[in-house]
Amino acid sequence: MLSVESAAVVRATLPVVGAALDTITARFYETMFADRPELLDGLFNRGNQRSGEQRRALAGSIAAFAGMLLERPDERPDELLNRIAHKHAAVGITDDQYVIVHKYLFAAIAEVLGEAVTPEVAAAWDEVYWLMAGALIAAEARLYAEAGARQGETWRQWRVVERREETADVVSFTLRPVDDGPVPPARPGQYVSVRVEMPDGVRQLRQYTLSGFGEDGLRRITVKRVRGGEQPEGEVSTLLHATVSEGDELTLSAPFGDVTLDDGTPHTTAHVTGGTAQEAAAGSAEGLAAGSTRGDAGEGADEDAPLVLVSAGIGCTPITAMLQHLADAGSARRVLLLHADVSEPAHALRADMAALADALPGGSRVFWYEEAPEGVTGTEGAVRTGLMDLAGLEIPSGAVAYLCGPLPFMRHARGQLIQAGVAPRDIHYEVFGPDLWLAHAS
């Protein structure tokens, strides 16, 4: 809880600080990396640094946290903190790095705002920072403990046992741990970080949602290659596509992510193959918008409530994992699967999604393609042409929805689901990548 004195100062200065946050965070990263270039090796995404998305994410998180402290002074914003903690744990953030960030961030604040940063202002914002940092450090410690690891040390070698070309730009890697140790549990919807060494010797991390799982600890990630165009080419996705074959090893983190299917049934310890916290899409050079309005999607929800699973493009990966979990558990829930893609050939994991949905006693599905498949001309039936449109579609009463795809798509789908009677609290999505806080603008 923010002290009364600091709350008054933060309230008075938030407009000024907020307006300058982008400049502050730009200066922060510039000076920190000049002094500590090793932080770009295996921790920070340099693609997001180049695009500016990382600094905007940091600015957004600080402003969001401060705003929540002022709006609800008797509550801690656990949803926001939990989401950040999972992201931090996935890249191996450690306690001492909060001290480093504090040093350079507050130096940047003083430099940018100058005389406006009085001792009282500095002390108030220092309190905000350490309230946030302290809560995150505690949450990340719990996540590391659950993963059976010391802070940041969740990395493990996995061998590629199968490489499967899903589409021209999407490939799945099925992985098995190299050692014989126990595999930490994962839940459908979670992601792992993949750490690779780039040709220049610098290690880079990217997150990929698990898209499927198998016996004996098998996991699958599904990677979409990000080609050049409006966004820079994805350096990690391109490297994985071009160089990784069966028999090769990859370095993976333990699974993390708080937007997961929670239906009260046991989860396998081998979970999910996929890629959604993944390279492609709305807002960053290498970050796919997926989604959840609150942490632990499903928490507090009716475990027998109908499910509506909505995805577009590579957003199919966590949805496929959820479908597999439901099918393996023999779920009798009503499950409506909705997916949109450019074309049938571009629809990654299409056969898996169709087979899993069809295997569920209460399952049904509708796929939309912008480029009509041969013989398909209408807007009715299980395969439709054009963009996804839920108007006229029967959405089950009392449904819980999970969304994954580019942010504009999710905003549109969310609006249509609310119009169809789905409660906003029961629509779950999460924005992966550095545009984490932009989702709150929807």
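One structure accompanies this document, and this report is about it. The structure presented is a predicted model; accordingly, all values stated were derived computationally and were not measured. (Residues numbered from 1 in each chain as written. Predicted model: local features only at pLDDT ≥ 70, side-chain atom pairs only at ≥ 80, totals over all residues. Heavy atoms only, no water.)

1. Looking at the pattern of salt bridges
Argument step 1. Under the definition given, this model contains 18 salt bridges.
Argument step 2. Across the salt bridge formed by Glu-235 and Arg-206, the nearest N and O atoms sit 3.6 Å from each other. Here Glu-235 is found in helix 7 (residues 235–243), whereas its partner Arg-206 is found in strand 4 (residues 203–213), with 29 residues between them in sequence. Of the two residues examined, Glu-235 and Arg-206, each falls in the buried class.
Argument step 3. Overlapping salt bridges, with partners in common, bring together Arg-164, Glu-166, Arg-220 and Asp-352 in one network. (Salt bridge = Lys/Arg side-chain N within 4 Å of Asp/Glu carboxyl O. Helix = DSSP H or I, 4+ residues; strand = E, 2+ residues; numbered from the N terminus. Buried < 20%, exposed > 50% of the residue type's maximum accessible area, 1.4 Å probe, protein only.)

2. Things to note about helix 9 (residues 350–359)
Argument step 1. Residues of helix 9 that are buried: Met-353, Ala-354, Leu-356 and Ala-357.
Argument step 2. Looking at the buried side of helix 9, the elements it contacts are strand 7 (307–312), helix 8 (316–328), strand 8 (335–341) and strand 9 (363–369). (Contact = heavy atoms within 4.5 Å.)

3. Structural notes on the pairing of strand 3 (residues 191–197)
Argument step 1. With respect to burial, strand 3 is a largely interior element, five of its seven residues being buried.
Argument step 2. Across seven bridges, the pairing between strand 3 and strand 4 is antiparallel. Each residue of the ladder has a partner; that of Val-192, found in strand 4, is Tyr-208.
Argument step 3. What sits between strand 3 and strand 4 in their antiparallel hairpin is a turn of five residues, with Gly-201 showing a positive phi close to 90°.
Argument step 4. In terms of strand pairing, strand 3 meets strand 6 (residues 249–252) through two bridges, oriented antiparallel. Bridging from a neighbouring strand, Arg-195 pairs with Thr-251 of strand 6. (Pairing = 2+ DSSP bridges.)

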